[in-house]
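Coordinate inspection notes
The lines below spell out each chain.
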Amino acid sequence: LSLNFYNPKKQKLMKSVGDKFPKFKKPAILANKEFSEVTSADHQKESKWMVIFFYPKDFTFVCPTEIVEFNNKHDKFTALNTLVYGASTDTEEVHLAWRTHDSKLADLSFPLISDTSKSLSKKLGILQPGSVAYRATFIVDPEGVIQWVNCNNDSTGRNVAEVLRALEATQNPGLTGCDWKPGDAVLKLDVFNN
């Protein structure tokens, strides 16, 4: 009989809402296909939000569908004062090779970060036993605090429209009810009725 319990020496719990996003400085392939570094402070310096989505591997099947959809909606994220980053445990050279060989990824509007040391994936608690990242998405506010988290299994692509809706709801100063969409009214507190 084998029981798997959380063991803090093996794996940290996944970072969640209210946690500070870990500091990082990672190599990346930028939108213009140049190599550079991206840091956790970049979005904070510009007083912007950050959406960072991790995917398991380059040159796979589900991952490019998500990257393409984040790219299709990039202008909407930009309009919401948000920087978008993709990230995996592949090298920046592999990111570039993938972008060069897959025409759908050729013209991305955001960087792909390389977490080859797996240090960021470990700090976030999203490193799989097979040493690739889970399909996890984090919305981080301009102060570096995580405000929304989503994690899918490898075979299930995330819903980028929902990430965008969650970002808009999170940025809204009011109370956003179930299925709230931009343009919907926010909830009003009524202390006399439950």
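This is a predicted model, so every value here is computed, not measured. (Residues numbered from 1 in each chain as written. Predicted model: local features only at pLDDT ≥ 70, side-chain atom pairs only at ≥ 80, totals over all residues. Heavy atoms only, no water.)

Before going further, it helps to spend a moment on the overall build of the chain. For the chain, the helix and strand inventory stands at 6 helices and 7 strands. Considered along the principal axes of its C-alpha atoms, the chain spans approximately 60 × 50 × 30 Å. Counting only contacts in the chain whose residues sit at least 6 apart along the sequence, the fraction spanning at least 24 positions is 70%. Of the accessible surface of the chain, which amounts to about 10700 Å², a share of 53% is contributed by carbon and sulfur atoms. Each charge sign in the chain was given a centre, from 24 positive and 23 negative side chains, and these centres are 6 Å apart. (Helix = DSSP H or I, 4+ residues; strand = E, 2+ residues; numbered from the N terminus. Contact = heavy atoms within 4.5 Å. Areas by Shrake-Rupley, 256 points an atom, 1.4 Å probe, with all protein chains shown as cover. Lys, Arg positive; Asp, Glu negative; His and termini not counted. Charge placed at Lys NZ, Arg CZ, Asp CG, Glu CD.)

Moving on, we get to the packing of aromatic side chains. Inspection of the entire model under this criterion finds 9 aromatic pairs. Each ring, one from phenylalanine 53 and one from tyrosine 55, has its centre 6.4 Å from the other, and the planes form 35 degrees; the classification is tilted. Here phenylalanine 53 matches tyrosine 55 in class, with each residue buried. Ring centres of phenylalanine 54 and phenylalanine 138 lie 6.3 Å apart, and the angle between their planes is 85 degrees; this geometry places the pair in the edge-to-face category. Taken together, the residues span a long stretch of sequence, with phenylalanine 54 in strand 3 (residues 49-54) and phenylalanine 138 in strand 6 (residues 135-140) at a distance of 84 residues. Taken individually, phenylalanine 54 and phenylalanine 138 each receive the classification buried, so the pair is uniform in this respect. In this structure an aromatic cluster arises from ring pairing among Phe53, Tyr55, Phe59, Phe70, Phe77, Trp98 and Phe110. (Phe/Tyr/Trp six-rings, centres within 6.5 Å; stacked < 30°, edge-to-face > 60°. Buried < 20%, exposed > 50% of the residue type's maximum accessible area, 1.4 Å probe, protein only.)

This part covers the pairing of strand 7 (residues 146-152). Pairing analysis gives 6 bridges linking strand 6 to strand 7, with the strands arranged antiparallel. Its bridge partner being in strand 7, threonine 137 is matched across the sheet by asparagine 150. Taking the residues between adjacent antiparallel strands as the criterion, strand 6 and strand 7 are bridged by 5 residues, where glycine 144 takes a positive phi near 90 degrees. (Pairing = 2+ DSSP bridges.)

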